[in-house]
Amino acid sequence: MKNKKFLFFTFSVFIFFSLSAEDVSLKESVDSENRLRLMTYEDEYFIPEGKNGDSVLINKAGKIASRSFYDGSNRIVKKEIWQISDARNSQLSEVEIFEYEDSYDNVSRKIYKTDMSEEITSYNKKGFPVLSELYYFNDGEKVNGEETEKTKYLFSKRSVSYDSENRVLTEELTQDKKIDLKKYSYNEDKDIPPDFESYENGILTKKVIHSSASSYVEEIFFDSSYSVKSYFDDGNRKKDEYFQNGKLIRTKKYE
């Protein structure tokens, strides 16, 4: 299969450089049984694989070409981005792999790869992302003059949860041994923004509670003993209250 796909791409690269830029008419090529083997229009090329209903869509603009692979249900399963310097030289720079559960059309998992990184994103059945892991590659070590295979390490991880109305409930980002967590709670009045809490490594750092769309109280916690509570009315800051060890120590009012 790899050789077959390589031949498809080699043939396509030849076409890229054989057709003139002025030729923008639709062209079709068929085999002896009148089955479509190649269709071109401007710089877009469609090449059916002819196996299990799979197909490949090839696009080229300048020195960048993409190949999109579709399964028998017309779902994209892979996309490749190629950098093309000439008809003999090309380099694969990006790859996206799409996975599905059973007959669902929504993607259940997507893998995005470059030479430097790999990002793996999982989705729920409604198509919303629930987990994203970003990896970076370490350069391979040289052994007896030859470079070993690159290894990857987890750089960051983000998870998201939703309520029954597909609204974000929590967002958690883990990076460099630091965990940032955001929590949202929604009002019955949908015109009022959600209340909000932010945590760093399990410690509350910020809280926002709305009484209307533009009136709210914002509280910021600087450490375990010091905090500032700010009151906003119609978007205007009205008052700050400064607390230490839970005791009000100063108040500042705004005109």
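Only a predicted model underlies this, so the values are computations on that prediction, with no experimental measurement involved.

> What should I look at first to understand the overall build of the protein in this one?
Looking only at helices and strands, one finds one helix and 21 strands in the protein. With 255 residues in all, the protein has 26% of them scored as buried. Taking all contacts inside the protein whose residues are at least 6 apart in sequence as the whole, residues at least 24 apart take part in 13%. When the accessible area of the protein is evaluated, it comes to approximately 17000 Å², of which 49% is carbon and sulfur surface.

> I'm lost on the environment of Glu-94 in this one. Help?
You can see Glu-94 is positioned in strand E7 (residues 90-99). Placed 19 residues apart in sequence, Glu-94 and Lys-113 show a C-alpha to C-alpha distance of 5.7 Å. Contacts of Glu-94, omitting those with residues within four sequence positions, involve Lys-79, Glu-80, Ile-81, Tyr-112, Lys-113 and Thr-114. Side chain to side chain, Glu-94 and Tyr-112 meet in a polar contact 2.9 Å long.

> Help me understand the packing of aromatic side chains, please; the structure alone is not making it clear to me.
Between two aromatic rings, the relevant description is the distance of the centres plus the angle of the planes. Counted according to the given criterion, the structure contains six aromatic pairs. Consider the rings of Phe-128 and Tyr-162, whose centres lie 5.4 Å apart with planes at 40°: the pair is tilted. Of this pair, Phe-128 sits in the loop between strand E9 (117-123) and strand E10 (129-138) while Tyr-162 sits in strand E13 (residues 151-162); the two residues are 34 residues apart in sequence, bridging distant segments of the chain. Taking the centre distance of 5.5 Å and the plane angle of 50° together, the rings of Tyr-184 and Phe-196 count as tilted. Residue Tyr-184 is located in strand E15 (residues 178-185), and its partner Phe-196 is located in strand E16 (residues 195-200); the two are separated by 12 residues in the primary sequence. Given a relative accessible area of 21%, Tyr-184 falls into the partly exposed group. For Phe-196, a relative accessible area of 16% translates into the label buried. One aromatic cluster in this structure is built from Tyr-136, Tyr-153 and Phe-155. In this structure, Lys-239 packs its charged tip against the face of Tyr-231, placed 4.8 Å from the ring centre.

> Looking at this model, I keep getting lost on the pattern of salt bridges. Mind explaining?
Side chains that carry opposite charge are capable of pairing whenever their charged atoms lie near each other. In the structure shown here, the tally under the stated rule is 15 salt bridges. In this structure, the salt-bridge partner of Glu-80 is Arg-67, at a minimum N-O distance of 2.8 Å. Here Glu-80, found in strand E6 (residues 76-84), pairs with Arg-67, found in strand E5 (residues 64-70); they are 13 residues apart in sequence, far enough to count as distant. Classification of Glu-80 as buried rests on a relative accessible area of 6%.

> How should the side chain of Asp-71 be read in this particular structure?
Inspection of the secondary structure assignment puts Asp-71 in the loop between E5 and E6. In terms of polar contacts, Asp-71 uses its side chain to reach the backbone amide nitrogen of Ser-73, at 2.9 Å.

> Teacher, can you tell me more about unusual backbone geometry here?
Negative phi characterises most residues that are not glycine, and trans characterises most peptide bonds. The backbone of Asn-166 shows a phi angle near 65°, a positive value even though the residue is not glycine. With respect to the helices, strands and loops of the structure, Asn-166 is situated in the loop between E13 and strand E14 (168-175). Positive phi outside glycine occurs at Asn-201, with the angle close to 50°. For Asn-201, the location among the structural elements is in the loop between E16 and strand E17 (203-210).

Conventions adopted
- Residues numbered from 1 in each chain as written.
- Predicted model: local features only at pLDDT ≥ 70, side-chain atom pairs only at ≥ 80, totals over all residues.
- Heavy atoms only, no water.
- Helix = DSSP H or I, 4+ residues; strand = E, 2+ residues; numbered from the N terminus.
- Buried < 20%, exposed > 50% of the residue type's maximum accessible area, 1.4 Å probe, protein only.
- Contact = heavy atoms within 4.5 Å.
- Areas by Shrake-Rupley, 256 points an atom, 1.4 Å probe, with all protein chains shown as cover.
- Polar contact = N/O pair within 3.5 Å; in protein donor to acceptor, adjacent residues only side chain to side chain.
- Phe/Tyr/Trp six-rings, centres within 6.5 Å; stacked < 30°, edge-to-face > 60°.
- Lys NZ or Arg CZ within 6 Å of the ring centre and 35° of its normal.
- Salt bridge = Lys/Arg side-chain N within 4 Å of Asp/Glu carboxyl O.

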